[in-house]
Amino acid sequence: MEKKNEICCPFIPQHNSLRKTCAEIVSEARQSLRVQSTQRPFTPRDVHRQLFRRNSHLADHDFRPPSTFSLHAQNFDASDSRPGSGTRLSPLDHKPKYPVPSNADDPFKVFPKPPTDPLELRRGLAGARPRLLKTGSLTSLPSLEANKDVKERLNQGPGQSHLLALHLSSTDHSDSAVHSGPLKPGPSRTASERIVQPVDSDVRATECREERRTELGYRHNTTSTEQDTDSLVWNNAIFPLLQELESVAAGSSEGSVDHLCDLCDRLHGTLADTDMLGRRCKRRSGILRTLFRLIDLNSAHLNLHIAKLCLALCVSGKNLLNICKLIFQISRSENNDILFNSSVIDSLLGVLSKEDVCVSGEALLYCVGTLKFISGNSTILRLLLDKNCIGVAQKLIQKLCAVEDTNFTIAGHILLQLTATLRNLADHPDSRSLFVSFSILPALCVVLRHHCRDRDICTNISRIYSKLSSYSVCCLALAETHECYPLFLELLGKHHQKQDLVVRLLFTLGNLTSKSDEPRLELYQCEGCMEMLLQIYNTYQRKDMLPHTPMQKGARFSSDSAIPPINAKEADDVLVKLVRVLANMCIHPAVGPLLATNITCIQLLMETLELKSVQESKELMVNVAATINNLSFYQEENSEIRRNRLAIAKLMLKLVLSSCMDVMLEAARVYGNLSQYKDVRDFIMQNKVYQFVVMLLDSKSNEMCFSACGVLTNLAVDPPNRICLTLEGATAKLVDCLRDFGPGDWQLAGQACQAVWNLTGGSMKLLDTQERETLLEILTTYLDEEQALKWIENEEARSFHRTCWEVEFLPSAQKLVQGFSSLQT
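Source: prediction; values computed, not measured.

Caption draft 1: The arrangement of the overall build of the protein chain in detail. Along the protein chain, the regular secondary structure elements total 42 helices and 0 strands. Across the 825 residues of the protein chain, 50% fall into the buried class. In the protein chain, once contacts between residues fewer than 6 apart in sequence are set aside, the share between residues at least 24 apart is 76%. For the protein chain, the exposed surface amounts to about 40,800 Å²; the carbon and sulfur share of it is 52%.

Caption draft 2: Structural view of unusual backbone geometry. Phi is positive for Asn298, close to 60°, though the residue is something other than glycine. Summarising the element assignment, Asn298 is placed in the loop between α11 (284–294) and α12 (300–312). One non-glycine residue, Asn388, adopts positive backbone phi at about 65°. Considering the arrangement of structural elements, one finds Asn388 in the loop between α16 (378–386) and α17 (389–401).

Caption draft 3: Molecular detail of empty space enclosed by the protein. Inspection of the entire model under this criterion finds 2 cavities of 30 Å³ or more. Of the pockets and cavities examined, the second largest cavity occupies roughly 30 Å³. Lining the second largest cavity, in full, are Val656, Met664, Ala668, Tyr671, Phe692, Val693 and Leu696. For the lining of the second largest cavity, the secondary structure elements donating two or more residues are α33 (661–674) and α35 (689–696). A per-class count over the lining of the second largest cavity returns 7 nonpolar, no polar and no charged.

Caption draft 4: Just the nonpolar core, in detail. Of all hydrophobic cores here, the largest spans 219 residues; its most connected members are Leu267, Ile287, Leu492, Met652 and Phe809. With 10 residues, helix α15 (residues 357–374) is the single largest residue contributor to this core. The residues contacting Ile287, other than those within four sequence positions of it, are Trp234, Ile238, Leu242, Leu267, Leu271, Cys281 and Leu313.

Caption draft 5: A look at the confidence of the model for the protein chain. Summarising the model, the protein chain shows a mean pLDDT of 78, and 69% of its residues fall at 70 or more. Segment residues 116–220 is flagged for pLDDT under 50; beyond a separation of four residues in sequence, or across chains, it makes 76 contacts in the model. Confidence over residues 546–555 falls short of pLDDT 50; this stretch has 17 contacts with residues more than four positions distant or in other chains.

Caption draft 6: Fine view of a nonpolar patch on the surface. A surface patch of nonpolar side chains, amounting to about 280 Å² of accessible area, comprises Leu657, Phe692 and Met695. Among the structural elements, Met695 can be located in helix α35.

Caption draft 7: Seen up close, the side chain of Asp572. For Asp572, the location among the structural elements is in helix α27 (residues 568–585). Overall, the relative accessible area of 10% leaves Asp572 in the buried class. Residues contacting Asp572, with those up to four places away along its chain left out, are Lys612, Glu616, Ser617 and Leu620.

Caption draft 8: Here's a closer look at the pattern of salt bridges. Using the criterion set out here, one finds 24 salt bridges in the structure. Between Lys467 and Asp427 there is a salt bridge, and its shortest N-O distance comes to 2.7 Å. With Lys467 in helix α21 (residues 455–468) and Asp427 in the loop between α18 (408–425) and α19 (431–437), this residue pair connects regions lying 40 residues apart in the sequence. What makes Asp427 partly exposed here is its relative accessible area of 43%. Residue Asp698 is joined to Lys733 by a salt bridge in which the shortest nitrogen-to-oxygen separation is 2.9 Å. Residue Asp698 is found in the loop between α35 and α36 (702–715), and its partner Lys733 is found in helix α38 (residues 730–741); the two are separated by 35 residues along the sequence.

Caption draft 9: Expanded view of the packing of α38 against helix α40 (residues 769–782). One can describe the packing of α38 onto α40 by two numbers: an axis separation of 10 Å at closest approach and a directional angle of 25°. In terms of their interaxial angle, α38 and α40 are classed as roughly parallel. For the crossing formed where α38 meets α40, the hand is left-handed. Between α38 and α40, the residues in contact are Thr731, Ala732, Val735, Leu738 and Arg739 and Glu771, Thr774, Leu775, Ile778, Leu779 and Tyr782, respectively.

Caption draft 10: Inspection of α12 at higher detail. For α12, spanning 13 residues, the distance from its first C-alpha to its last is 18 Å, which sits close to the expected 18 Å at 1.5 Å a residue. Of all the residues in α12, the buried ones are Leu302, Asn303, Leu304, His305, Ile306, Ala307, Lys308, Leu309, Cys310 and Leu311. At the C-terminal side of α12, Cys314 shows a positive phi close to 60°.

Caption draft 11: Layout of the packing of aromatic side chains. In this structure the tally under the stated criterion is 8 aromatic pairs. Their ring planes at 40° and their centres at 5.2 Å tell us that Phe328 and Phe373 sit as a pair that is tilted. With Phe328 in helix α13 (residues 317–331) and Phe373 in helix α15, the pair connects residues that are 45 residues apart, well separated along the chain. Under the relative-accessibility criterion, Phe328 is labelled buried at 0%. By relative accessible area, which is 5% here, Phe373 ends up buried. Seen in terms of ring centroids, Tyr782 and Phe809 are 6.0 Å apart; in terms of plane orientation they differ by 70°. Their pairing is edge-to-face.

Caption draft 12: Local environment of α35. Regarding α35, the residues found buried are Val689, Tyr690, Val693, Val694 and Leu696. Angular distribution of buried residues about the axis of α35 spans 150°; they occupy a single face of the element. At its buried positions, α35 is contacted by α32 (645–656), α33, α34 (678–686), α36, α37 (719–727) and α38.

Caption draft 13: Representation of the environment of Ser632. Here Ser632 shows up in the loop between α30 (618–631) and α31 (640–643). For Ser632, a relative accessible area of 2% puts it in the buried group. Each C-alpha atom, one on Ser632 and one on Pro593, is 9.4 Å from the other, the two residues being 39 residues apart in sequence. Once you skip the residues sitting within four places of it in the chain, Ser632 turns out to touch Ile641, Asn673 and Leu674. For Ser632, the side chain forms a polar contact with the side chain of Asn673, separated by 2.9 Å.

Caption draft 14: Broad picture of the state of the cysteines. Tallied over the full model, the rule gives 0 disulfides. Unpaired in terms of disulfides, Cys389 finds its nearest cysteine sulfur in Cys367, a separation of 9.6 Å. Here Cys389 falls in the buried class, since its relative accessible area comes to 5%. Left unpaired, Cys601 is separated from the closest cysteine sulfur, that of Cys586, by 8.2 Å. Given a relative accessible area of 1%, Cys601 falls into the buried group.

Rules of the game
Residues numbered from 1 in each chain as written. Predicted model: local features only at pLDDT ≥ 70, side-chain atom pairs only at ≥ 80, totals over all residues. Heavy atoms only, no water. Helix = DSSP H or I, 4+ residues; strand = E, 2+ residues; numbered from the N terminus. Buried < 20%, exposed > 50% of the residue type's maximum accessible area, 1.4 Å probe, protein only. Contact = heavy atoms within 4.5 Å. Areas by Shrake-Rupley, 256 points an atom, 1.4 Å probe, with all protein chains shown as cover. 1 Å grid on protein atoms, 1.4 Å probe; cavity = no way out; pocket = protein on both sides within 12 Å on 5 of 7 lines; lining within 4 Å. Points joined across faces, edges and corners; volume = space filled by probe spheres on them. Nonpolar A, V, L, I, M, F, W, Y, C, P; charged D, E, K, R; others polar. Core = buried A, V, L, I, M, F, W, Y, C linked by side-chain atoms within 4.5 Å. pLDDT = per-residue confidence, 0-100. Patch = residues over 30% accessible without salt bridge, like charges linked within 9 Å, V, L, I, M, F, W, Y side chains within 5 Å. Salt bridge = Lys/Arg side-chain N within 4 Å of Asp/Glu carboxyl O. Axes fitted to C-alpha atoms, helices over the stretch in contact; angles between N-to-C directions. Parallel < 35°, antiparallel > 145°, perpendicular 65-115°, else oblique. Left-handed = near helix turned anticlockwise from the far one by under 90°. Expected span 1.5 Å × (residues − 1). Phe/Tyr/Trp six-rings, centres within 6.5 Å; stacked < 30°, edge-to-face > 60°. Arc of directions from axis to C-beta. Polar contact = N/O pair within 3.5 Å; in protein donor to acceptor, adjacent residues only side chain to side chain. Disulfide = S-S within 2.5 Å.

So, in structure tokens, the structure goes:
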């Protein structure tokens with residue numbers, strides 16, 4: 001009886017809580033529970049460069065910003081002096097109060113007269129104009145040598161240009177006393193004295209002229225050096241370049257565009273060297289006016305130089321918007337990608353870093369849209385990573401998620417372009433660590449929470465997650481973002497009809513649950529998790545059936561519950577990713593038994609096996625069989641797998657008979673678990689499934705041979721089955737597997753020995769002479785530890801193989817050797 005109990009040991013080993021070696025862990029994983037993998041959903045490239053895709057849910061809305069427009073010089077404002085926000089200031093709520101007059105005879109005589117308008121001093125007051133002109137005039141002009149010295153300093157290069165201001169500020173202006181004299185304090189009066197005392201109009205006008213002259217002279221004294229510096233730089237360096245720009249633009253010679261681009265670069269360099277970029281140049285409007293005229297030449301190369309210079313001059317408002325539109329217009333053609341060099345990208349990223357969403361939202365939209373287009377170029381993609389584009393994007397996401405409701409729409413438009421840009425950046429291998437270090441993955445969860453109703457933003461983010469979660473470092477970072485699990489389930493409920501979004505969210509969940517137990521349990525414990533997954537399963541499995549409605553009451557789907565027409569391949573793709581999530585979740589020891597008792601889950605899996613064919617849905621059938629195999633590992637009394645084992649065994653029959661090796665392998669694994677039950681073993685023998693199992697031993701795959709050995713081990717438990725299996729040549733093929741795969745796979749060798757032991761009933765007399773001699777020779781060699789492990793050089797691998805050899809192979813092999821000893825006795 002003890003020997004028979006050894007023979008009847010089940011194929012699946014029982015858990016041993018006292019001792020679990022690395023080989024036992026590998027053994028359990030190999031025999032039953034397996035993580036399923038699948039291909040990432042394919043995303044076709046959008047060949048049309050536009051803000052919104054043609055199938056976007058915003059594509060037909062009138063309020064969406066356009067992708068096509070025309071820009072000319074007349075669209076720009078050369079003054080660029082109005083505030084960008086256009087906010088009108090409200091008047092001050094102030095009412096002056098006049099004192100009570102003290103002169104009863106002539107009350108109007110005591111009121112002070114208003115001071116003379118300063119404009120009148122400039123325009124026509126007799127006596128005031130000559131004095132003002134005299135006071136504000138220069139007694140001498142700068143010498144020619146001084147002008148020559150300034151020119152030489154401007155031409156010295158950027159390294160010495162900063163010395164110009166120091167030189168000019170230290171120049172001795174001997175005529176400074178002519179502009180103004182020292183200020184002398186006058187007698188002070190109280191307010192009552194100034195009001196009550198009568199004032200003569202001529203005297204008052206004279207005082208005003210004196211005060212105005214003194215004020216002008218003081219201001220000119222403090223700014224004369226700065227004005228002289230600006231004037232010299234303008235006259236000797238900047239103005240000639242502007243004149244040359246206009247003259248070259250007026251001509252029509254070949255190569256004029258290249259000349260203009262060169263002049264723009266020289267102008268940019270000169271302004272940078274003299275510290276006149278931004279809004280510091282007082283004659284900035286003249287520079288902008290000249291640049292804007294060049295836009296009508298309609299040259300993409302020249303317009304990028306103009307745009308770069310205008311952004312360096314810190315244009316705002318309408319001009320900033322039009323410049324960003326101009327760059328966007330250029331980027332719409334792939335032929336212009338080569339024009340976007342490092343400096344242009346710096347300018348674009350600068351706009352994203354500095355501008356306010358509430359003030360320049362539309363300009364930011366076109367700026368990010370440009371990045372979306374050019375990031376499709378592999379060369380520019382590398383440049384964007386080097387320029388810290390991901391870091392800039394992270395800060396922009398924070399600003400966009402913090403906007404008020406009034407700017408929510410434009411923030412959503414910008415986020416749509418930004419997430420599409422990040423989607424392109426995620427393709428580069430070097431971007432993965434940056435996505436993690438800048439915490440982009442958690443930030444995108446915040447975006448999903450704020451814009452969960454925007455299907456396009458959700459789709460872009462799902463594409464980012466599906467790409468990055470395929471890599472361990474990103475998958476771990478996303479798994480630690482605990483709010484992603486309920487958020488993904490919520491999105492699946494809101495957008496269950498959007499196949500491309502659903503399939504990517506499910507793919508991401510499959511990646512998360514393939515790495516460790518924590519995500520499996522966390523996902524399962526989310527409220528309504530299984531209900532949502534099974535509703536989607538049911539909906540896409542019945543896509544060709546009417547009506548398209550959820551299968552259960554209390555469905556969490558949105559009101560638009562019907563899915564649009566999709567082809568069978570797209571529906572199968574959703575089911576493949578969803579079943580993979582189920583297969584991975586049930587690996588958790590607490591989740592697996594619960595799923596095995598879920599009636600709806602098991603019914604849907606069995607329905608898939610019944611409705612689908614291997615020829616049309618190979619990957620789906622493999623995943624369903626793998627899920628059933630994982631669930632069959634749990635032998636609870638109320639397990640639906642256990643209750644429906646015969647029906648499942650019949651459904652596996654068409655998988656075993658298929659020509660696809662992957663499908664046959666998964667079916668063999670299911671039979672390996674279900675053949676522990678007597679009725680399933682009888683079904684296998686009655687329907688001659690064992691013949692196909694024996695044929696699997698001829699395959700060159702050690703995994704296939706291992707699964708076949710497990711089924712034969714269980715079938716040979718019943719004595720009547722041993723004769724049929726022996727006549728089919730099972731013993732001879734098991735010996736061949738032992739010889740071919742033993743040295744490299746001790747787990748397979750041990751399983752083959754166990755199958756031989758069960759087939760012979762522990763008696764070697766059932767083997768013919770040739771089989772006994774061959775088997776004994778193999779066992780003698782393999783039982784010698786030095787001979788068995790001599791070809792493994794790596795010490796770590798040698799230690800692992802030694803453990804497997806001791807735990808998996810040695811006990812079964814020693815039993816067979818003892819059988820030979822009893823035969824000789």
